[in-house]
Amino acid sequence: MIISMDFDGLSKTIADLLGGSMTRVNTLGFANDLKTFRNRDDVLTLLIHLGYLAYDEQGEQVRIPNEEIRREFAKTIREVKRDDTKRRLKESDKLIDDVLHLREDAVAAQIEKIHAEESIQSSLQQ
């Protein structure tokens, strides 16, 4: 899910929201689609539009509106991080095995995959 990506400190913002804090958000410039995210504010604005966050127009701040949604955020973050961590550990073990067994093509493919993932994440954070 998109909230698992750390756009401009999005992970910390979500953690703060889970703790009951409000955070400022700039809703201007949102592309109004489910694919174009340039920064943390775009993700937060999408979550406002979807009804997962309450928006205070005067203070230009968001918060998690109720306990039910707070629990869903917490559950989603736990599941995403767990699945992502499991995947990365599995890929890391495979990469080590490929290095030890001199499987050059497999090592090169894994390094290219990591590079591509990091490039995508980096471009989304700009």
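Residues numbered from 1 in each chain as written. Predicted model: local features only at pLDDT ≥ 70, side-chain atom pairs only at ≥ 80, totals over all residues. Heavy atoms only, no water.

**A closer look at the packing of helix α1 (residues 10-18) against helix α2 (residues 40-49)**
Between α1 and α2, the shortest axis-to-axis distance is 10 Å and the interhelical angle comes to 40 degrees. Considering the angle they form, α1 stands oblique to α2. As for how α1 packs across α2, the hand of that crossing is right-handed. Across from L10, T13, I14 and L17 in α1, the residues of α2 making contact are R40, V43 and L44. Split by residue class, the contact of α1 with α2 holds 5 nonpolar, 1 polar and 1 charged. (Axes fitted to C-alpha atoms, helices over the stretch in contact; angles between N-to-C directions. Helix = DSSP H or I, 4+ residues; strand = E, 2+ residues; numbered from the N terminus. Parallel < 35°, antiparallel > 145°, perpendicular 65-115°, else oblique. Left-handed = near helix turned anticlockwise from the far one by under 90°. Contact = heavy atoms within 4.5 Å. Nonpolar A, V, L, I, M, F, W, Y, C, P; charged D, E, K, R; others polar.)

**So, unusual backbone geometry**
Even without a glycine there, the phi angle at E60 is positive, about 50 degrees. With respect to the helices and strands, the residue E60 is situated in the loop between β2 (54-56) and β3 (61-63). Given a relative accessible area of 36%, E60 falls into the partly exposed group. One non-glycine residue, L102, adopts positive backbone phi at about 55 degrees. Within the element layout of this structure, L102 appears in the loop between α3 (67-100) and α4 (104-125). (Buried < 20%, exposed > 50% of the residue type's maximum accessible area, 1.4 Å probe, protein only.)

**Notes on the packing of aromatic side chains**
Tallied over the full model, the rule gives 1 aromatic pair. The interplanar angle of 90 degrees and the centroid separation of 6.4 Å between the aromatic rings of Y52 and F73 together place this pair among those described as edge-to-face. Taken together, the residues span a long stretch of sequence, with Y52 in the loop between α2 and β2 and F73 in helix α3 at a distance of 21 residues. Under the relative-accessibility criterion, Y52 is labelled partly exposed at 39%. (Phe/Tyr/Trp six-rings, centres within 6.5 Å; stacked < 30°, edge-to-face > 60°.)

**Brief notes about the sheet that holds β3**
Strands sit in the order β1-β3-β2 across an open sheet of 3 strands; the sheet is antiparallel. Across the chains shown, the open sheet's two edge strands, defined by having one partner strand only, are β1 (23-24) and β2. Alignment of β2 against β3, held across 3 bridges, turns out to be antiparallel. Opposite D56, over in β3, you have Q61 as the bridge partner. (Pairing = 2+ DSSP bridges.)

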